[in-house]
Structures are given as C-alpha cells and as structure tokens.
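Descriptive structure summary
Below, each chain spelled out in residue letters.
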Amino acid sequence: MAVTASTPIDLVRDAYAKFEERVDAARQRLGRSLTLAEKILIAHLDDPSADFDRGITYNDLRPDRVAMQDATAQMALLQFMTAGLPEVAVPSTVHCDHLIQAKENAKVDLLAAESGNAEVYDFLESVSAKYGIGFWGPGSGIIHQVVLEQYAFPGAMMIGTDSHTPNAGGLGMVAIGVGGADAVDVMTGFPFNVRWPKLIGVHLTGSLNGWSAPKDVILKVADILTVKGGTGAIVEYFGPGANSISCTGKATICNMGAEIGATTSLFAYDDAMNRYLKATGRDEIADAANAVAHHLRADDEVVANPADYFDQVIEIDLSTLRPHINGPHTPDLAREVSALGAEATEQGWPLDISSALVGSCTNSSYEDITRAASILRFAADHGLAVKVPLMITPGSEQVRATIERDGLLGTFEAAGATVLANACGPCIGQWSRPAEDNDHVNTIVTSYNRNFPKRNDGSANTLAFVTSPETVVALALAGTLDFDPISGTLTNDAGDAVSLPEPVGQELPDAGFTPGDNTFVAPPDDRSGIEVKVAPTSDRLQLLEPFAAWDGEDYVDLPILLKAKGKCTTDHISMAGPWLRYRGHLENISGNLFLGAVNAFTDAVGEGKDQIDGETRSFPDIAKHYHEAGRSWVAVGDENWGEGSSREHAAMEPRFRGAKAIIVRSFARIHEANLKKQGVLALTFADPATYDQIDQDDRISIVGLAGLTPGKPVDCVITKPDGTTVEFQTNHTMSPEHIEWFKAGSALNIIRARTSS
Ligand code: MIC
Ligand code: SF4
C-alpha cells in the first residue's frame, strides 16, 4: 500500500462503489428513506446484511482511514507493536501537534520542541516507518486541519485518536474520535465496533450575517444540548442554511460537536465542499464526489420531514443568530456576547481580559483568519490597538504559509500579536505563561473549543471563554468582556469613539493555497531494516506489559480511592499540560491520576484518604500505594464522567493501578469505550441517588460477575465501617464481545491471541 500525503483516488472510488452497491438495497430493506449518516455507516458496515438498531446494537464498521496525534499515538502504537504484525491494515497517519510548547514564538518554540521531544518524535517516526504509517512531523499542523486539507473526503469514514476528529464532518464524512485501543483494532485489520448511533438533526435556515460566524452555530447547539446532550448520537446538519456555510466553517461546527458528547457531526456534500476540495488540489476527488452527489446527502424525504427520521430535531435560523461566547469552565454555558458584561459583573468574573488567543483546530482556517484580520486592519487604520496580549496559532503549515503570503500574518504581527507554532499550544495547556499573569483570578478569551479549569495554562485561576476568532479580536481591542462588537464603541488614540465594522472574510485564497514546508514523511518501501527503539531507561517511553486476565472471582470489599464531586473530565482524571511529556510511559503518567478531581468527602482537589494507613495523600500516591500493596479499588463519580478528551491514559492509568470498576451516574462515550477496552468495569448507578449513600470509609463489593450478561444489571454492596450493608444495582453497556474483553483482561489481549495464532 503506497502511503502518500493525500487520499489516493482509488480509495475514494472504492468507497463510492460501496454506496452504489448498498444504499438502494438498504432503503428497500428498511422500507424508508435514509439520512446521510445512515448511508455512510451502511456503506462501511463490515457485514452489509447486519441488523442495526439506533442506540441499541453494537455494529462492526470498516473505516477508510486512521489518524493519530502525537500525544495519543504513542500509547496506540505501543499497543499496536505488541500485536506483532508487519504493517497497518488501513491507511494511517501520525501528526505531531500536541507536544509543542508555546512560549516565545513559532520558530523558537518549534526548535525547542524538536530537541526537547526528540526521543518521542524519533520513536513516532521510526514506528511509522516500520509499520507503513504516514508521518507528519512537528510544524506540519494540527491533526484535524491537516486531515481536512489532505485526507478527508465526502462519504468517507475514519477514526482518529482525538476527540475532535469529527472536524472532518465539515467535508461530509463520518469521522469519529476514539481511544488508541480502537485505532489498534482497525490498524490490525479488525473492524471498529461501536453502538449504532442515534440521530439528531439540526435544521439550518437563513444565512449567517454580520458578526455571526459558524462558531456561533455550535455555541448555540451546545447551549441547547449541553455537554452530554449529544452522547451516543450523530448530529447531522441540513437545510438551506447549511449551504451558506463554507467548508471550513462546517468543520468548526463539527469539531466542537465533541463538546456536546456527540459521536460525530456532519454536513451533506455541497458546492462549498466542492470548492474546498478544488482549492486544496483535489479536483479528482471533487469530480468523483460530484458523480455520486445523490449518495452524499440525506434523501429528499428526510429533509422534507425530518421529525420522521431523526430522534430529535433542532431548528436554528442563522439570520437571527447573534454572536455567542461560552464559559467559563464549561463549553455549554452560553449567552450572547452583548450579555456577557452584565453577567460577568454579577458573577464576579474579572471583566479585564488578560490574554486573547486565536487559532486551534476549531478556528484557524483561511476564512477565520481573514475575518479576524479585517478587524485588525480597520483598527490600525482608525487609531485603535489591542489592549491585551494577542496570540495566534495557525492550524497547519499550509494555512500559515498562505496567510503569510497574503499579508494576513503581517496584519496580526503589526497589531503586536505573537505568532505561535502550527500546533495545539495553549489549547492543550502547552502554554508557558508567566506566573504573574495567572497567580490571581483572570479572564482569557479564545477561539478554541474546550475551557475546563486549568485547560490552557494549568491554572485554576484562569477563566476561559470561547467565541469566534473575530469576536476574540474585538474583545482584545476592547480589553474587557463588557463590550458588544455590534453596538459598542471604542475610544481611539485621538479620543474619538469608533464603532467596529462587520468582519469581512474570504472563504478561500484567490491565489490558491501554498503548501509551505513539506513535513510529510512517507514510510520507505523497504522497511525490513527499521528498528524501533525504546530505551529501558527512558522516562518518556515504556514498552507495555499485558494486563492480567480476570481471575474469575467477584470483587469483595474494595476501598473507594476517589468519590468525585461535580465534573470529572479526562482533564481531571489525567491532566495534559506538563503531563503530556509522559504519554508514552504508563507508569510515569500514572503520577497524575485524578490530580484534578474534586474529593466529594472533603472538597479537596487531587487528594484523599489512604485506606491502608489513614494518611492524607495525593490520589496518584494512594493509587501507587494500593497497587504496590496488591489492593484493588474502585472510583465513584457523577454525571458524564470522562467528558472531553479521547486520551486512553484516563482509562489505562486506573487499570494499571488496580481499579476494578468505575461507578458513576453516567459516562461520556469515548471514555466509557476506553475503560471497556482496557478491561475495567464501567458501571452506572441504576438509582442515581445511590451516589449520595457512599461514604469515605465504605467498601464496595461487585458480585455475580460470573453471570455478567448484556443488558443485565450488576449487583453491588456497600459495606459501612460498622458492618451494615446497602445493596444496590448498576447498569452497564457491555456487549458479548465487551464481556470477552473484560474476561481476557483487555481487548488487546484478545487481538494478541488472534494475531499470534
Ligand atoms: C484535547 O483537545 O483534549 C486533546 C488534547 O486533543 C485530546 C487528546 C489528548 O488528550 O491527547 C482529545 O480531544 O482527544
Ligand atoms: Fe489540539 Fe486543541 Fe484541537 Fe485538541 S482541541 S486537537 S488540543 S487544537
């Protein structure tokens, strides 16, 4: 299989041939019309005759591609290596974007990353070369932007080891964020197993205008659906308004569907996608898509009567949608920009902005940058200047080189902005921010997608608000949250009141994109001599040992390592920022386990009571103590446990340290799948009130495990320190296959057994 810096046309044609074979047949079999998401899933079913039932059945699918970013690729590929295969079974790529720290500027930071992360980059490059994986080195850009520019195509299906993989839904595909173990399934030639999603339709009418941007669509959807409203569902956007949004704007909307927990989001193929494919040099793919365009959109009956086809339909009139800004601490806390000043004053959030950041995989397209730059240009011409540090992270080398050529980077630089590397940077806590900026409560505004506490600069003092790039720039000019770009005025250097004009963007560059420095490395044809080195002394990489199989016994009287209060996202379970350093070393990264979690018994963050000796210790230290003492344990939590990232470290660390079960009110999809893959019981309280009955010194038993059956509750018992007991039931979503994973110790143990036989 030739590995190239783009999707070969043959792969696209093969994918489209499946639509021809299967879509009509499925329509007849089901006796109804189909949504676009259904068509794509059906075209990618492992067994085209398999039954599927929304929200019920688990089905095997055959994705066209796999993409991995450096922070998750390490663990994914360490797992892949243990399968002992000569090469990956489907086209796969690795993208180096998460490990570059933002400190000075693009050039200095990239050099620092190249030397500081040399061991990890060398590992990823050699492992990619050995197993036939395309490698995008540091500086090439953020995974989702590169995938959109090079690999995504309408009607395709891919999985990526990053929760924002759905970004590619902007180019009409089903792109799903997964943990590394799911990627390993597909790279080892097995299907991707996922619960057949429910379908949420978002009907867009009207068209965006003035200050309203694609970002506002998803900020509004997050407001309506909340951070768990999309769980287990694909969000399909349709209607006349959809056609008025550019391809990259659609990608912004799909990208942030991760924030509502959706399996993925997508738009139908349209002329905006055709234009984008052509502008990014993929005319052949555009022609192939045009020839099957009727397969690449929902059937007409679906669009005419959406309530008959979707589980839920949301209506948004783009013409009346006003600019939004969401946060702090959660991406679904929404309001119009014009209302934020009053709300911030009431809540005691600092009105003064301490930094403004444009970019990330969500919002760094050519159109985004042109809209933001149009405001900066106006400001420069009218005696206005940004009042706070402004930073910009281009999404890819192609975008960076193009906006440099077209003078847009110059506009940012002239405004005093710092241009950071084409990487995640401050979006993932890789922001080396001066301590004096965040040693006190402070406010930042970003065009990113996530805003959990500590997300950007590692400080819980920083309150992050997410909004469109142009609104970030307007707020940077105002220096305060109490500014409405539509009706407010700013005072210029001559003392005059100035109103900002509406932003003006350009969907695609007139002169086409320029690729910039080529940082793609294809694997060599002869891979026989390549050795993948992992030094036994390394503190960043560690070969994996298989987890032990289940011993057939019930779990009796397990201590509760953590009962988490409130949100417990993957950032609370396994923090990023400085810990990204250890993403390839399971033992070392386990030093961050639950460091961000709030202890429900004490309200303390990251620490609890060690039940062995009664001492107060950090959660990772307690976990290590239990592990070394051979004690198994459980963790207890509230709603949407594991919200956010796809990082499987959040499941592997508890597994490694001896967690037998995570018992919560509800789970986020990717994290629940990751726990199951690693052989940890992911249980939900049948009665959510049971959460309140669990006290610090209780023990929990999980019984009847020999009878573990799909759909059947699992019995548990709380034993109080005085010996009294409280029985309760938990539910799980394990299929027969998942139960096999549990028994074998992990899904990977099963793959190992199959590939070695
Ligand atoms: C994120 O946005 O949280 C990340 C960092 O991209 C993660 C992946 C990771 O933790 O490595 C994600 O979204 O999956
Ligand atoms: Fe990177 Fe942020 Fe996008 Fe995650 S959300 S891939 S950290 S830019």
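The structure we're discussing is the one just above.
Before going into details, it helps to say that this report is about the structure given with it. Values in this document were obtained by computation on a predicted structure and should not be read as measured data. (Residues numbered from 1 in each chain as written. Chains lettered and ligands numbered in written order. Predicted model: local features only at pLDDT ≥ 70, side-chain atom pairs only at ≥ 80, totals over all residues. Heavy atoms only, no water.)

Time to look at the overall build of the protein chain. Secondary structure assignment for the protein chain yields 26 helices and 30 strands. In terms of overall dimensions, the protein chain is globule-like: its C-alpha atoms have a radius of gyration of 25 Å, near the 27 Å expected for 757 residues. When its C-alpha atoms are laid out on the principal axes, the protein chain stretches across 75 × 60 × 55 Å. Buried positions account for 64% of the 757 residues belonging to the protein chain. A sequence separation of at least 24 residues applies to 75% of the contacts in the protein chain between residues at least 6 apart. (Helix = DSSP H or I, 4+ residues; strand = E, 2+ residues; numbered from the N terminus. Rg over C-alpha atoms; globule rule 2.2 N^0.38 Å. Buried < 20%, exposed > 50% of the residue type's maximum accessible area, 1.4 Å probe, protein only. Contact = heavy atoms within 4.5 Å.)

The next thing to look at is the packing of aromatic side chains. Summed over the entire model, instances satisfying the criterion amount to 16 aromatic pairs. With a centroid separation of 5.7 Å and an interplanar angle of 65°, the aromatic rings of tryptophan 349 and phenylalanine 465 are classed as edge-to-face. Here phenylalanine 465 lies in strand 18 (residues 462-466) and tryptophan 349 lies in the loop between helix 14 (337-347) and strand 14 (353-359), a separation of 116 residues in the sequence. Each member of the pair, tryptophan 349 together with phenylalanine 465, is buried. (Phe/Tyr/Trp six-rings, centres within 6.5 Å; stacked < 30°, edge-to-face > 60°.)

Further remarks concern the packing of helix 11 (residues 271-279) against helix 12 (residues 283-291). Viewed as axis vectors pointing N to C, helix 11 and helix 12 meet at an angle of 155°, and their least axial separation amounts to 7 Å. Between helix 11 and helix 12, the interaxial angle falls into the category roughly antiparallel. In this structure, helix 11 contributes Asn274, Leu277 and Lys278 to the contact, and helix 12 contributes Asp283, Ile285, Ala286, Asp287 and Asn290. Residue composition of the contact of helix 11 with helix 12, grouped by class: 3 nonpolar, 2 polar and 3 charged. (Axes fitted to C-alpha atoms, helices over the stretch in contact; angles between N-to-C directions. Parallel < 35°, antiparallel > 145°, perpendicular 65-115°, else oblique. Nonpolar A, V, L, I, M, F, W, Y, C, P; charged D, E, K, R; others polar.)

Quick look at helix 3 (residues 70-81) now. Between its first and last C-alpha, helix 3 extends 16 Å over 12 residues, near the 16 Å set by a 1.5 Å rise per residue. Counting buried positions along helix 3 gives 12 out of 12 residues, so the element sits mostly inside the fold. (Expected span 1.5 Å × (residues − 1).)

Further remarks concern the pairing of strand 28 (residues 699-703). Counting buried residues in strand 28 gives 4 out of 5 residues, a clear majority hidden from the surface. Across 3 bridges, strand 22 (residues 555-563) lies against strand 28 in antiparallel orientation. Within strand 28, the position partnered with leucine 558 by the bridge is isoleucine 700. Pairing of strand 28 with strand 29 (residues 714-719) involves 5 bridges; the strand directions are antiparallel. Note on strand 29: the bridge partner recorded for serine 701 is valine 717. (Pairing = 2+ DSSP bridges.)

It is worth spelling out the site of ligand 1 at this point. Every one of the 14 residues lining ligand 1 counts as a neighbour, but Asp162, Ser163, Arg450, Ser646 and Arg647 are closest to it. Note that an oxygen atom of ligand 1 is positioned 2.4 Å from one of the side-chain N or O atoms of serine 163. Within the complex, the protein chains bury 97% of what would otherwise be the 330 Å² of accessible surface of ligand 1. (Near = heavy atom within 4 Å. Polar contact = N/O pair within 3.5 Å; in protein donor to acceptor, adjacent residues only side chain to side chain. Areas by Shrake-Rupley, 256 points an atom, 1.4 Å probe, with all protein chains shown as cover.)

Reading across the sheet, the 4 strands line up as 10-9-8-11 and stay open at both edges, with parallel pairing between neighbours. Each having just a single partner strand, strand 10 (264-267) and strand 11 (312-317) make up the two edges of the open sheet. Within the sheet, the average angular offset between the axes of one strand and its neighbour, ignoring direction, is 20°. With 6 bridges joining them, strand 8 (residues 198-205) and strand 11 adopt parallel strand pairing. By the bridge assignment for strand 11, valine 202 is matched with isoleucine 314.

Turning next to the site of ligand 2. What surrounds ligand 2 is the set His98, Ile142, His144, Asp162, His164, Ser360, Cys361, Cys424, Cys427, Ile428, Asn449 and Arg455. Partitioning the shell around ligand 2 into residue classes produces 5 nonpolar, 5 polar and 2 charged.

Now for the pattern of salt bridges. Within the structure shown, the criterion is met by 38 salt bridges. The shortest N-O distance in the salt bridge between arginine 335 and glutamate 343 comes to 2.9 Å. Put simply, arginine 581 and aspartate 539 hold a salt bridge, and the shortest N to O gap is 3.9 Å. Of this pair, arginine 581 sits in the loop between helix 20 (570-573) and helix 21 (586-589) while aspartate 539 is found in the loop between strand 21 (520-521) and strand 22, placing the two residues 42 residues apart along the sequence. A relative accessible area of 34% means that arginine 581 is categorised as partly exposed. Taking relative accessible area as the criterion, aspartate 539 reaches 32% and is therefore assigned partly exposed. Three or more residues joined by partner-sharing salt bridges are found here, namely Asp24, Arg27, Lys39 and Asp299. (Salt bridge = Lys/Arg side-chain N within 4 Å of Asp/Glu carboxyl O.)

In this structure, glutamate 149 sits in helix 6 (residues 143-151). A polar contact of 2.7 Å, which involves the side chain of glutamate 149, links it to the side chain of serine 396. In contact with glutamate 149, not counting residues within four places along its chain, are Tyr276, Thr280, Arg282, Ser396, Gln398 and Val399.

The next subject is the sheet that holds strand 26 (residues 659-664). An order of 22-25-26-27-30-29-28 is seen for the 7 strands of this closed barrel, with the pairing classed as mixed. In this sheet, neighbouring strand axes are inclined to one another by 40° on average, regardless of whether the strands run parallel or antiparallel. Note: strand 22 against strand 25 (residues 633-637), 3 bridges, orientation parallel. Residue pairing in the sheet places lysine 563 in a bridge with valine 636 of strand 25.

Burial analysis of helix 16 (residues 397-405) places 7 of its 9 residues in the buried class, the great majority of the element. Glu397, Gln398, Val399, Arg400, Ala401, Thr402 and Ile403 are the residues of helix 16 that are buried. Buried positions along helix 16 lie against helix 6, helix 15 (366-381) and helix 17 (408-414). Of the residues trailing helix 16, glycine 407 is marked for its positive phi of about 80°.

Take the environment of phenylalanine 238 next. Mapped onto the secondary structure, phenylalanine 238 falls in strand 9 (residues 233-238). When the C-alpha atoms of phenylalanine 238 and aspartate 381 are compared, they prove to be 40 Å apart, with 143 residues separating the residues in sequence. For phenylalanine 238, the contacting residues outside a window of four places in its chain are Gly201, Val202, His203, Leu204, Val303, Pro306 and Phe310.

This part covers the pairing of strand 5 (residues 157-161). Among the 5 residues that make up strand 5, 5 are buried, leaving the element largely enclosed by the rest of the structure. The alternating pattern of strand 5 places Met157, Ile159 and Thr161 and Met158 and Gly160 on opposite faces, both of which are buried. Taken together, the 4 bridges between strand 2 (residues 65-69) and strand 5 define a ladder with parallel strand orientation. Considered in strand 5, the bridge of arginine 65 is made with methionine 158. As paired strands, strand 5 and strand 6 (residues 174-177) are joined by 4 bridges and run parallel to one another. Within the sheet, the bridge partner assigned to methionine 158 lies in strand 6 and is alanine 175.

Attention now moves to unusual backbone geometry. Note that the residue after glycine 327, namely proline 328, is joined by a cis bond; omega there is -5°. Examined against the element boundaries, proline 328 turns out to sit in the loop between strand 12 (324-326) and strand 13 (334-336). Here lysine 454, not a glycine, exhibits a phi torsion of approximately 70°, which is positive. Residue placement: lysine 454 occurs in the loop between strand 17 (442-446) and strand 18.

At a minimum axis separation of 11 Å, helix 3 and helix 5 (residues 118-131) run at an interaxial angle of 50°. Considering the angle they form, helix 3 stands oblique to helix 5. Crossing angle aside, the handedness with which helix 3 passes helix 5 is left-handed. When helix 3 is examined against helix 5, the residues Asp70, Ala73, Gln74, Leu77, Leu78, Phe80 and Met81 are found in contact with a partner set consisting of Val120, Tyr121, Phe123, Leu124, Val127 and Tyr131. Residues of the contact of helix 3 with helix 5, tallied by class, amount to 11 nonpolar, 1 polar and 1 charged. (Left-handed = near helix turned anticlockwise from the far one by under 90°.)

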